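Spelled out from the first residue to the last, the chains are:
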Amino acid sequence: MTQSTQDYPGERLGLPREGAGSIGRLGRRVGALFIDYGAAYLISGFFGWDPLAILAIFAAIQIVFLPTLQGSPGHRLFGLRLVRLDGAWVGLWRPVVRTALLILAIPAVIWDADQRGLHDKAAGTVLLRG
């Protein structure tokens, strides 16, 4: 019988405990989400603060910046970057899948022992520090 416990999030994935390359923790993720959603909210003022416009702008921010800057503006401000599990470029389809699930909210608040939300698991991505 094998024991599948780990000492810290990301250990199973071969990631360091802390510092650059470690799992992006909840506080940074929430801070990044507030930045991105806040930006979408402010931009939606041009569309009368329509709730659907807010979501569409938020999705556009995610889909445009994840493959180009390895993270949304909020991620980058909080020192996070999005990569595939093998460390390669996320490509174009992964940000679309990840964002669609993120907008549903439920997959984002359910995570595993490595603190990867279901939206990250479905897209094969991981949010790392630095």
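Note that the structure is predicted; figures quoted are calculated from it, not measured.

**Student:** Would you mind showing me how to read the overall build of the protein here?
**Tutor:** From N to C terminus, the protein includes six helices and two strands. Here the C-alpha radius of gyration of the protein, 15 Å, is about what a compact globule of 130 residues would show, namely 14 Å. Relative to its full complement of 130 residues, the protein shows a buried share of 38%. Within the protein, residue pairs in contact and separated by at least 24 positions form 60% of the contacts whose partners lie at least 6 positions apart.

**Student:** What exactly am I supposed to notice about the UniProt feature "domain: RDD" (unreviewed entry) in the protein here?
**Tutor:** The UniProt record marks residues 52-124 with the feature "domain: RDD" (unreviewed entry), using the residue numbering of this structure. End-to-end, the C-alpha atoms of residues 52-124 are 27 Å apart, and along that stretch the chain is 62% helix and 7% strand.

**Student:** Would you explain helix 2 (residues 51-69) in this entry?
**Tutor:** Residues spaced three or four apart along an α-helix face the same direction, because each turn holds 3.6 residues. Given a rise of 1.5 Å per residue, 19 residues ought to cover 27 Å, and the 26 Å separating the end C-alpha atoms of helix 2 matches this to within 8%. Within the sequence span of helix 2, burial applies to Ala-53, Ile-54, Ile-57, Phe-58, Ala-59, Ile-61, Gln-62, Leu-66 and Pro-67. Looking at the buried side of helix 2, the elements it contacts are helix 1 (26-43), helix 3 (73-77), strand 1 (80-84) and helix 4 (93-104). Once helix 2 ends, the next one or two residues include Gln-70, with phi positive near 60 degrees.

What counts and what doesn't
- Residues numbered from 1 in each chain as written.
- Predicted model: local features only at pLDDT ≥ 70, side-chain atom pairs only at ≥ 80, totals over all residues.
- Heavy atoms only, no water.
- Helix = DSSP H or I, 4+ residues; strand = E, 2+ residues; numbered from the N terminus.
- Rg over C-alpha atoms; globule rule 2.2 N^0.38 Å.
- Buried < 20%, exposed > 50% of the residue type's maximum accessible area, 1.4 Å probe, protein only.
- Contact = heavy atoms within 4.5 Å.
- UniProt positions renumbered as here; feature names shortened; annotations may be inferred.
- Expected span 1.5 Å × (residues − 1).

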